[in-house]
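Letter by letter, the chains look like this.
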Amino acid sequence: MKKLLFTIALLVSFISFGQTKILTEKDLMNALIVHNQERHLLGIKKLEWSNDLQKDAENYAKYLARTETFEHSKGNNQGENLYYEYISKSITDKPFQRSSIGWLVEKKDYEYARIGDRKNANKMIGHYTQMIWKETTKVGMGAYVNKNGKIYVVARYYPSGNWDGEFPY
């Protein structure tokens, strides 16, 4: 019954506002676990959850959902990973954990090197290297789904990573 009421509330908010914030604490904690398990394997200090970064991520995810754009933000001092999907089942099914796993999958293409090194030229690895950036200590995530069922997930990191010429750890 609870699930049915939640689904009805979600649909009503689609109709009423055109976009809906996705927030399930268990999913957020699972996403943090994905980040921190990888950092642990590499001997890097765990990330802490930041409510301020979460708020920033939610605001930007809301903007992306409303405008149906998919591009990195500009002009802030935070690292950022973006994730987008369009699967109707996904509306309530772990977008934070799925996005984190999606970024982690980039590990298979990463060769340990400085950012910008030709070893990793033309490889999509920047989401992974931001997740494991040694100097990064905090993360926050937010997600919105728009009236067309498109989900936008944003992760914000502080301090930011992926600095050219630097090793991630």
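Residues numbered from 1 in each chain as written. Predicted model: local features only at pLDDT ≥ 70, side-chain atom pairs only at ≥ 80, totals over all residues. Heavy atoms only, no water.

Visitor: How should helix α3 (residues 51-67) be read in this particular structure?
Guide: At 3.6 residues per turn, the α-helix brings residues three or four places apart onto the same side. Across its 17 residues, α3 extends 24 Å between first and last C-alpha, which sits within 8% of the 24 Å expected from 1.5 Å per residue. All buried positions along α3 are accounted for by L53, Q54, A57, E58, Y60, A61, L64 and A65. Summarising the contacts, the buried residues of α3 are in contact with β1 (19-22), α2 (25-41), β2 (48-49), β3 (79-85), β4 (138-146) and β5 (151-158). At the exit of α3 stands E68, carrying a positive phi of roughly 50°. (Helix = DSSP H or I, 4+ residues; strand = E, 2+ residues; numbered from the N terminus. Expected span 1.5 Å × (residues − 1). Buried < 20%, exposed > 50% of the residue type's maximum accessible area, 1.4 Å probe, protein only. Contact = heavy atoms within 4.5 Å.)

Visitor: I tried to follow unusual backbone geometry on my own but got confused; where do I start?
Guide: Backbone phi values are negative for most residues with the exception of glycine, while trans is the configuration of most peptide bonds. Here Y158 and P159 are connected by a cis peptide whose omega angle stands at -15°. Phi is positive for E68, which is not a glycine, with a value near 50°. If you check the backbone angles, N162 has positive phi at about 65° while not being a glycine. With respect to the secondary-structure elements, N162 resides in the segment after β5. A relative accessible area of 28% places N162 in the partly exposed class.

Visitor: For this particular structure, what's the right way to read the pattern of salt bridges?
Guide: Note on pairing: side chains with opposite charge can pair once their charged atoms come close. Per the stated rule, a full pass over the model turns up seven salt bridges. Here K107 ties to E38 by a salt bridge, and the two come within 3.0 Å at their closest N and O atoms. On the criterion of sequence distance, the pair formed by K107 in the loop between α4 (95-104) and α5 (126-131) and E38 in helix α2 is long-range, its members being 69 residues apart. In this structure K107 comes out as partly exposed when scored by relative accessible area, which is 36%. The class of E38 is buried, set by a relative accessible area of 5%. (Salt bridge = Lys/Arg side-chain N within 4 Å of Asp/Glu carboxyl O.)

Visitor: Just checking my understanding: could you explain the confidence of the model for the protein chain for this structure?
Guide: Any region with low pLDDT has predicted coordinates that should not be read closely. Residues of the protein chain with pLDDT of at least 70 account for 86%, and the chain-wide mean is 88. The low-confidence segment residues 1-17 (pLDDT under 50) makes eleven contacts with residues lying over four places distant or belonging to another chain. (pLDDT = per-residue confidence, 0-100.)

Visitor: What is the right way to read α2 from this model?
Guide: The terminal C-alpha atoms of α2 lie 24 Å apart, and with 17 residues this matches the ideal 24 Å at 1.5 Å per residue to within 8%. Along α2, the residues that are buried comprise D27, L28, A31, L32, V34, H35, N36, E38 and R39. Lining the buried residues of α2 we find β2, α3, α4, α5, β4 and β5. Positive backbone phi, at 75°, marks G43, one or two positions downstream of α2.

Visitor: I'm lost on the packing of aromatic side chains in this one. Help?
Guide: Remark: the centre distance and the inter-plane angle together describe each pair of aromatic rings, the angle taken between the planes. Tallied over the entire structure, the rule returns six aromatic pairs. Taken together, a centroid distance of 5.2 Å and an interplanar angle of 55° make the contact between Y84 and Y152 tilted. Of this pair, Y84 sits in strand β3 while Y152 is found in strand β5, placing the two residues 68 residues apart along the sequence. Given the relative accessible area of 34%, Y84 is considered partly exposed. Among the residues examined, Y152 registers a relative accessible area of 2% and is labelled buried. Ring geometry for Y112 and F167: centres 5.0 Å apart, planes at 15°, overall stacked. You can see Y112 sitting in the loop between α4 and α5 and its partner F167 sitting in the segment after β5, a full 55 residues away along the chain. Taken together, the aromatic side chains of F70, Y84 and Y152 make up a single cluster linked through ring pairs. (Phe/Tyr/Trp six-rings, centres within 6.5 Å; stacked < 30°, edge-to-face > 60°.)

Visitor: Looking at this structure, I do not really get the environment of S100. What am I missing?
Guide: With respect to the element layout, S100 can be found in helix α4. A residue is classified by how much of its surface remains accessible, and S100, at 0% relative accessible area, is buried. A C-alpha to C-alpha distance of 5.7 Å links S100 and A31, two positions 69 residues apart in sequence. Apart from the residues lying within four places of it in its own chain, the contact partners of S100 are A31, V34, H35, M131 and M141.

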